[in-house]
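# Structural overview
Below are the chains, spelled out letter by letter.
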Amino acid sequence: MSAEFRLLLVCTANICRSAMAEVIAGAMLQSAPLPMATASAGVRAMVGHPMAPHAVAALAKLGLDGRAHRARMLDRDLVRSADLLLTMEAAHVPVAVGLDPEAAPKTFTLPEFAALAAGAGGRRYRSDTVERARAIVQSAAVRRDRRRVLDVYDPYGGPPEGYDACAKTVGESLSHALGALLGPR
């Protein structure tokens, strides 16, 4: 097992939702006491493409810079190396699990995991450890209810306001998810 916790964010093309999520998560984790790495990929990635211009603009409004992002394809190695896969849609989950069936217990939609992880916060875990974060993922897998899976709206091709709303949703969900993984501060 790695000494750092690896978070993989997944969407369709890896130029909007998961790309924004990677940048937002990176900003949230800058001063985290837990060694955590973030990455993103797409199930049908536009490999090598930059982040969509409206996504870059939505991040800029938050004081973040997404201009360095380049899309990459989800593959078996990425799935296997991640401790937690957060997809933007329920339809992305079977693609990730298809690449590695052992990934099923660690693959969730972002809103689904945010809700489940928040519920695990009351349990007693050693604070600020990779083992704690992995235990939160295992606890969420046991408590999941696949009938209530939520997706993150895909703003691609829409107006700038859709990207802003998506960034807000992603930020709020990541705040809950990362807060649970990192423990009390």
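Further up the page is the structure itself.
Residues numbered from 1 in each chain as written. Predicted model: local features only at pLDDT ≥ 70, side-chain atom pairs only at ≥ 80, totals over all residues. Heavy atoms only, no water.

## What about the nonpolar core?
This is how it is decided: Grouping buried Ala, Val, Leu, Ile, Met, Phe, Trp, Tyr and Cys residues that are joined through side-chain atoms within 4.5 Å yields what is termed a nonpolar core. Throughout this description, buried means an accessible area under 20% of the type-specific maximum (1.4 Å probe, protein chains only), exposed means over 50%, and partly exposed covers the range between. Here a strand is any run of E in DSSP of at least two residues, a helix any run of H or I of at least four, and the numbering for each starts at the N terminus. Any two residues whose heavy atoms approach within 4.5 Å at even a single point are treated as in contact.
In terms of nonpolar packing, the biggest core is built from 49 residues, with Leu84, Phe113, Val170, Leu174 and Leu181 touching the most fellow members. Counting residues per element, the ones that place at least two in this core are strand S1 (5-11), helix H1 (17-28), helix H2 (53-61), strand S3 (84-87), helix H5 (110-120), helix H6 (130-143) and helix H7 (160-182). Ranked by residue count, the leading element in this core is H7, at 10 residues. Beyond its immediate stretch of four places on either side in the chain, Val170 contacts Ala21, Ile24, Met88, Leu110 and Val152.

## Section: the layout of surface pockets
The line we're drawing: Points on a 1 Å grid, built from protein atoms alone, make a cavity when a 1.4 Å probe fits but cannot get out and make a pocket when they are open with protein on both sides within 12 Å along at least 5 of 7 lines; residues with an atom within 4 Å of a point are the lining residues. Grid points are joined across faces, edges and corners, and a volume is the space filled by probe spheres set on the points. Three classes are used: nonpolar for Ala, Val, Leu, Ile, Met, Phe, Trp, Tyr, Cys and Pro, charged for Asp, Glu, Lys and Arg, and polar for all others, with Gly counted as polar.
Considered as a void within the structure, the second largest pocket measures approximately 190 Å³ in volume. Along its surface, the second largest pocket is lined by Pro111, Glu112, Ala115, Leu116, Arg144, Asp145, Arg148 and Leu150. Across the lining of the second largest pocket, the residue classes tally to four nonpolar, no polar and four charged.

## Here's the deal with the pairing of S1
Put simply, the rule is: With the strands aimed away from the viewer, a crossover counts as right-handed if its path from the first strand over the helix to the second runs clockwise. Each pair of strands is called paired provided DSSP finds at least two bridges between the two strands.
With six of seven residues buried, S1 is to be regarded as a mostly interior element. Crossover handedness for the path S1 to H1 to strand S2 (residues 36-42): right-handed. Summarising the sheet, S1 and S3 pair through four bridges and their orientation is parallel. Looking across to S3, one finds that Leu7 is bridged to Leu84.

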